[in-house]
Amino acid sequence: MGKSLVIVESPAKAKTIGKYLGSDYVVEASIGHIMDLPKNDIGVELKKRTFEPTLIVSPGKEKVVDRLKKLAAKADMVYLAPDPDREGEAIAAHLSIQLLPMMKDKSKVRRVTFNEITKKAVQAAFLNARDIDEDLVDAQQTRRVLDRLVGYQVSPLLWDKVRRGLSAGRVQTVALRLIVEREQEINDFNPVEYWTIDAQLEPTANKQSFTARFVGVNGVPARVANGKDEEGKDLFLSNALPDHEAVDEVVSELKVAKWSVRSVEKKERRNNPKAPYTTSKLQQDAAGRLGFNVRRTMGVAQRLYEGVEIGSEGTVGLITYMRTDSTRVSADAIEEAREYIGKLGAKYLPASPNEYVGKKQQVEAQGAHEAIRPTSVKYTPDSIRKYLSDEQFRLYKLIWQRFVSSQMTPAVFDQTTVDIVAQAKLAYDFRVTGSVLKFEGHLKFEEEDKRARQAAKDKAAKEDGAVSKPNAEASAEGGDEEEAEARLPELSDGEALRLQKLDPLQKFTQPPPRFNEASLVKTLEEKGIGRPSTYASIINTIQDRDYVKKIQSKFVPTEIGTVVTKLLVKNFPYIFDTAYTATLEGELDAVEDGTERWTDLLKGFYDHFEKELNVASDNMEDVKRMEQKTDEICDNCGSPLILKWGKFGSFYSCSNFTKVKPMTIAAGPWKKDAKAVTKKVTTAFAFPLIVKATTEDVTEYSKEVGDAKEMAASIAEAATQGKKVTVEPISCDFTKENFAAKPDLSAPGADEVAEEEFCDNCGRVMVLRNGPWGPFMACPGYNEDPPCKTIRKLNQKVQQKPPVQLEEACPKCGKPLLLRNGQYGEFISCSGYPKCKYIKQELLEVKCPKDGGDIAVRKTKRGDLFYGCVNYPKCDFASNLKLINQTCPKCDSAYLLEVVNDKGTHVVCPNNREALPKRRKKKGAPEEEPTTPACTYQKKTAGPAPVPVIERPDPEKTRAVIESVA
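1. Some points on unusual backbone geometry
Phase 1: Of the consecutive residues Phe 687 and Pro 688, the connecting peptide bond is found in the cis state with omega at 0°.
Phase 2: The amide bond that connects Tyr 872 to the next residue, Pro 873, takes the cis arrangement and shows omega of 15°.
Phase 3: Within the fold, Pro 873 resides in the loop between strand S37 (865–869) and strand S38 (878–879).
Phase 4: Backbone geometry places Asn 218, a non-glycine residue, at a positive phi of 55°.
Phase 5: Residue position: Asn 218 is located in the loop between strand S8 (210–217) and strand S9 (220–221).

Right under this line is the structure:
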């Protein structure tokens, strides 16, 4: 009997599944998608409106496909086991296309899905193998075609009108639109002044004071007008007064008023547990409580899903599939959770399981989506903590606690509301509300975490010894501070109160906050834009395209992002409308359910899209050629500045600038026939003109002339001052960036440290690599056989920080030097660029052994350091080893080399060929004979660097500052 072939997406998943299936199965990974639309063509049939896609084997996947074909030809059965969603079904369909021709019996290719990678779920899936779900495949294919139609037909418009390399996306543009429109709301926001009044009171019977808030007069609520909502209805700020005058009037009355309790209302409030996590809720909570961005959350969740080594148990999948919008949970999982809760105490266990209604509650036995939950409650976070990394532990704990608490009883609070009256000429109403936790219920884990954190703080403060005894005691009672503040004294109806002080406070309404990752995901979900599996890629794309920047964890649109959004929304009002995008998502769900044909959806979409595309092609504003008059004045000549568009966005340019090139006056023609040369100049240019003399790009002579006679005299004088004489029309090349239109990258938080990124296919930490077109993020398996070619491009055309002027002057032209930020980091160059191209280099004290020039520290494209002569390309001397300004004591070599290896740091003579690293000669190059006598000098200057001890960090000590309990 032959073996069965099982194909999944990632090697990590293959390893876990292989453990459960045994030796009769060969488990291989496709490493993500194996087929896609071609990159050099739209790849979709449009003439006949069939929208049939042209699928090809993805570049770089040829070896993977060939290997799978060979294994399939030998296998008795082929099981396709990618993830249980649209993308996974499409991968299975593409594998089927490639492998079926290799199979003698076409019925031996089957599809299996499982929501969790556990032995029970995997074995059950193979007992319920099925055919590929064509409706799911059609839904994925439709989304892919929609995105291709928009991207490949709108992006060229942006290249032509704005800048090459830009892209438009059906969903990414709508997400970007939300961010840009929010920024516009912030810019247009007009704050409204309002005042609140708090009164600190105490009962006459005891001294326990409390604070109440002013709410109205004579039973009429106090409120301040705050504009209108989207529907035109008036909005108000409650419990507020409009200005200082009104406050003074009320305060003067309150000071002489008689205070008493009008009514006391006590009631029990129940706080119900929340549903287990869906993808978007997990992303939101991970951002708010753990400080994880969406990419990091999904990367860590992917590894928890695919499996983690748990001691003697081997690789165990710890959570269910993490891309879902369902809150359904299997009966077995609920039963296991209830059994665990019962051990905590009967008071925590409800009489019947808690049920939650989500967007999608599928009930099929095979392939049914569930909420994100632990595969087994027995794997408590603390019991497996030593097997998990810090981030894995924290995310798993979040998921585990949310699932278990979802099946617990409600928390119970005692809530007291006290209405107070201050009787003067009028009755001024005040109110205070307090609540105390009576029974923790489903909040048990959160309350335990609070107490543990407080105990840790108290222990640290005690051990530190820096806190005085009174403060230490206060700290020890800190865990009850919130409850102490919330508790009210015993009050009764009609009880008299004593006023201690009044606290009027001026406030202003705040603009809506910028989106962070959590709030953007929440808004996308509420508006029905995208799906759980697409949120991470949407957020990644708008950042990778440099359409938004993250400043203090908030999204700020860049100038290019704002310009692109406004152009697209103006010219494609239907396609990039948020409501229409949400409608399309509903139609894609209908295709998945089999209630709508995918071609009908595409026909309806393309009818609208083609009309808008034709109009946009003719009418879209040409930003590239924009020249807009401004009120700004040129710093050099006082002429008006013009706002123009360049590859890095808008900038100011002097209106007195001309692109006419200067004319060089050669010495021979000038001596031979000065009149002919003068006539040639005056025919090409109009006076006034500038005569210049330069030597190696440094201006030695410059004079403005107003007629031919003056010009001739100046040319004769310039010829004696410099090597090159030129005549050019007066032109001011002054420019400055339009920083007002760009995010402030010098603001705190603008240079946040990038978090680790994980390969979508195999879950490994991605690394920074350099290629012919610059740096990019790549999977560590990029060069393996078969390779994992997952990459993420890094945008080159990003806005730079403003240059900083230094006190140091340029040694060539005397202008101030600037500290600039470039593609490879900071560098210092002349402010006179492009006329003066001086760049300050880090020089060694050693002179070049070939031509005596300076040796500079340089970098390769990959970022590696080397040392080369500043006279390159005339002198090609270069060294990978640092040159030391010391003479060799044995052979009198003018310099030594620094060699660093695992044995330590040595200074070595360049003629000591045995001690220097061996250099591989170029292919076909002849052997080079040494031109200097051999030397044996080397000296050790330092020992090997100590190996750092890497310890697993304590998650409680490394917890993000922004973590809070919901």
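2. Quick word on the confidence of the model for the chain
Phase 1: Across the chain, pLDDT averages 85, with 89% of residues at or above 70.
Phase 2: In this model, residues 361–367 is a region of pLDDT below 50 whose contacts with residues beyond four sequence positions or in other chains number 13 contacts.
Phase 3: Low pLDDT, under 50, characterises residues 949–966; the predicted model gives this stretch 36 contacts beyond four residues in sequence or across chains.

3. Topic: the nonpolar core
Note that soluble globular proteins tend to have their nonpolar side chains buried in a common cluster.
Phase 1: Among the nonpolar cores identified, the biggest contains 126 residues, and Phe 114, Leu 149, Leu 318, Leu 395 and Phe 572 are the most heavily contacted of them.
Phase 2: Leave out the neighbours within four places in its chain, and Phe 572 touches Val 154, Leu 157, Phe 609, Glu 612, Leu 613, Ala 616 and Met 620.

4. Focus: helix H16 (residues 535–544)
Since the α-helix turns once every 3.6 residues, residues separated by three or four places project in the same direction.
Phase 1: The element H16 is extensively covered by neighbouring structure, given that seven of its 10 residues are classed as buried.
Phase 2: Those residues of H16 that sit buried are Tyr 535, Ala 536, Ile 538, Ile 539, Asn 540, Ile 542 and Asp 544.

5. Notes on the pattern of salt bridges
Phase 1: Counted under the stated rule, the structure contains 45 salt bridges.
Phase 2: Across the salt bridge formed by Glu 440 and Arg 451, the nearest N and O atoms sit 3.9 Å from each other. A residue pair is termed long-range when its members are at least 10 positions apart, and Glu 440 in the loop between strand S16 (427–439) and helix H12 (444–464) and Arg 451 in helix H12 qualify at 11 residues.
Phase 3: For Arg 451, a relative accessible area of 47% gives the class partly exposed.
Phase 4: Glu 808 is the partner of Lys 840 in a salt bridge, and the nearest nitrogen-oxygen pair spans 3.0 Å. You can see Lys 840 sitting in strand S34 (residues 839–840) and its partner Glu 808 sitting in strand S31 (residues 804–809), a full 32 residues away along the chain.
Phase 5: Looking at Glu 808, the relative accessible area reads 34%, which means it is partly exposed.

Calculation notes
Residues numbered from 1 in each chain as written. Predicted model: local features only at pLDDT ≥ 70, side-chain atom pairs only at ≥ 80, totals over all residues. Heavy atoms only, no water. Helix = DSSP H or I, 4+ residues; strand = E, 2+ residues; numbered from the N terminus. pLDDT = per-residue confidence, 0-100. Contact = heavy atoms within 4.5 Å. Core = buried A, V, L, I, M, F, W, Y, C linked by side-chain atoms within 4.5 Å. Buried < 20%, exposed > 50% of the residue type's maximum accessible area, 1.4 Å probe, protein only. Salt bridge = Lys/Arg side-chain N within 4 Å of Asp/Glu carboxyl O.

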